[in-house]
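Breakdown of the fold
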Amino acid sequence: MTTKAEAAPVILWFRQDLRLADNPALAAAVATGQPVLPVFILDQAPALHPTGAASLWWLDKSLRVLDADLRSHGSGLVLRRGDSEAELRRLIGETGADAVFMNRLFEPAAFARDADVAHGLEAEGVACKGWNATLLARPGAVLNGSGQPYKVFTPFLKALLAAADAPPRLAPPVRLPPPPGTASDDIDAWGLHPTRPDWSGGFAWTPGEAGAEAALAGFLDRGMKSYSRGRDIPAEPATSRLSPHLHFGEISPWRAVEAARDAAAAGRVPAAEAEKFVAEIGWREFSAHLLHAFPQMVDTAFRPEYDALPWRDDPAGLAAWRRGCTGYPVVDAGMRELWATGYMHNRVRMIVASFLVKHLLIDWRKGEAWFRDTLVDADLASNVQNWQWVAGSGADAAPYFRIFNPIIQGRKFDADGRYVRRWVPELRGVPDRWLHAPWTAPPEVLRDARVRLGADYPRPIVDHDLARRRALDALASVVAARVEGD
């Protein structure tokens, strides 16, 4: 008879669930009574859409916090790097583990990889079990009356909120069984933190489970009270800033939803504001469900006719956009905020994306790739869905003729210029009236502001009216071709 001390361990495979609370795979592993081996494998296989540089910065900090949290409970995190299945097999061989527990990933390539791993290991007698800990409902659980995935957000959200039930809260285990001794990589050797140069000096974030709880608490105390209005004003701290915490699974989406609703029930925030926030969690959910059902969205337009758009090859324009040197202040402010902080305000994300796709007619995939590399909250489903929404090629996309005017957007959502002046300091002295279109300011105004267009700040790289007409012509041709094809 095998004693408890001799029992084969369970491998707890961490991925986008870097937390101890509300972690069903962790709870189930502990409940077996077997030793538990917590493992994280850094798998940067091209097919898995490797984690970008800014997100690797976050991952570095989050893994260190998770390891410290595990150690405080009597355990610790084993790190491995390489092909996931190969590393799991090595660990099984080293420890005699007879089970692998995980919280499921639903991105298409990762989902298929996990299925292959499970089939291979189970055929050899190693049990593989998975749970949903990243979404309110697993993809495929919310379908329309025809049994098909929803393609429009509003009915999806209504069905989701009607059908999805919050799982019971799971407290962190009081004590974790000590893991069997096995070698771990040194996280410092992974080099996830940038050097030569270290461009992360402005990354004012606190990754990890405690950081996620603090961000949620701060949002409930401040931003949620006027969320529906404040979330459109980039100079105001009115958004939750939970997106990277949610992406890395440092907090459950159900925890965020229930906290918002509890605050509304207690009278701390207006109920309408809480539900607006829940709807934004729902949009994240919609993106994940869409991508799982339609995996081709990663590389091709959801509406295939949009792949016929006559995209322009414009390396100079793409470079100016990336650097925040387009000559349109609100666009440049957003791109500079992104580079400096690993984050960009949601309203500004729409403005800068529209500028790249509509003003410059540059393929949305190039913008998506840049965001994936520079955002700490880069989430494949949300990134792809939102870029396709702006491009007009998505499932529930903005109309093709919607082209954000960056001047009007700046004046509407940054009327006092606080956002632009923070991120484009060379325009700090330009009066509000001219700030969002400095090339229209009289020479004496620019002189007093010490701004020389073309020297201190670039002139617009494209004329708005010309760009708008060009984009409408290109987009209309796609729509016309679709009508003819029908």
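Everything below is about the structure shown above.
To start, this report covers the structure provided alongside it. (Residues numbered from 1 in each chain as written. Predicted model: local features only at pLDDT ≥ 70, side-chain atom pairs only at ≥ 80, totals over all residues. Heavy atoms only, no water.)

1. Focus on the packing of aromatic side chains
Counted under the stated rule, the structure contains 24 aromatic pairs. Relative to Tyr227, the ring of Phe219 lies with its centre 5.5 Å away and its plane at 80°, an arrangement referred to as edge-to-face. Among the aromatic residues, those joined into a ring-pair cluster are Trp57, Trp58, Trp199, Phe203, Trp205, Phe248, Trp339, Tyr343 and Trp370. The positively charged end of Arg15 is found above the aromatic ring belonging to Trp13, 4.2 Å away from the centroid. Taking NZ or CZ as reference, Arg241 lies 4.6 Å from the ring centre of Tyr343, over its face. (Phe/Tyr/Trp six-rings, centres within 6.5 Å; stacked < 30°, edge-to-face > 60°. Lys NZ or Arg CZ within 6 Å of the ring centre and 35° of its normal.)

2. So, the pairing of strand 1 (residues 10-14)
With 5 of 5 residues buried, strand 1 is to be regarded as a mostly interior element. Covered by surrounding structure in strand 1 are Val10, Leu12 and Phe14 together with Ile11 and Trp13, the residues of both alternating faces. For the crossover from strand 1 across helix 1 (residues 24-31) to strand 2 (residues 36-42), the handedness is right-handed. (Buried < 20%, exposed > 50% of the residue type's maximum accessible area, 1.4 Å probe, protein only. Helix = DSSP H or I, 4+ residues; strand = E, 2+ residues; numbered from the N terminus. Right-handed = clockwise from strand over helix to strand, strands pointing away.)

3. Comments concerning the sheet that holds strand 3 (residues 78-81)
Paired through their backbone hydrogen bonds, the strands of a sheet run either parallel or antiparallel. Read across the open sheet, the 5 strands follow the order 3-2-1-4-5; overall the sheet is parallel. Each edge of the open sheet carries a strand with a single partner, namely strand 3 and strand 5 (127-131). For this sheet, the mean inter-axis angle between neighbouring strands, taken without regard to orientation, is 25°. In this fold helix 1 packs onto strand 1, strand 2, strand 4 (99-103) and strand 5, with an angle of close to 155° to the strand it touches most, strand 4. (Pairing = 2+ DSSP bridges. Axes fitted to C-alpha atoms, helices over the stretch in contact; angles between N-to-C directions. Contact = heavy atoms within 4.5 Å.)

4. Considering the nonpolar core
Grouped together as the largest cluster of nonpolar side chains are 108 residues, with contacts concentrated most on Phe277, Trp321 and Phe371. Among the elements that take part in this core, helix 11 (residues 271-293) stands out by supplying 10 residues, more than any other. Residues Leu18, Val36, Leu70 and Ala99 belong to the second largest nonpolar core, which totals 32 residues. (Core = buried A, V, L, I, M, F, W, Y, C linked by side-chain atoms within 4.5 Å.)

5. Some points on the pattern of salt bridges
Inspection of every chain in the model, using the stated rule, returns 30 salt bridges. Across the pair Asp60 and Arg64 runs a salt bridge whose closest N-O atoms are separated by 3.2 Å. Of this pair, Asp60 and Arg64 both sit in helix 2 (residues 53-72), separated by 4 residues, roughly a single helical turn. The class for Asp60 is buried, based on a relative accessible area of 3%. Given the relative accessible area of 35%, Arg64 is considered partly exposed. For Asp188, the salt bridge identified is with Arg64, shortest N-O distance 2.7 Å. Here Asp188 is found in helix 6 (residues 187-190), whereas its partner Arg64 is found in helix 2, with 124 residues between them in sequence. Classification of Asp188 by relative accessible area gives exposed; the value is 53%. What emerges from the salt-bridge pattern is a single network uniting Arg15, Asp43, Arg113 and Asp114. (Salt bridge = Lys/Arg side-chain N within 4 Å of Asp/Glu carboxyl O.)

6. A few points about unusual backbone geometry
At the junction of Arg196 and Pro197, the peptide bond is cis and its omega measures out at 0° in the coordinates. The residue Asp22 is not glycine, and still its phi comes out positive at about 50°. Note that Asp22 resides in the loop between strand 1 and helix 1. Assessed through its relative accessible area of 12%, Asp22 is described here as buried. The topology assignment puts Arg196 in the loop between helix 6 and helix 7 (209-221). Judged by relative accessible area, which is 85%, Arg196 ranks as exposed.

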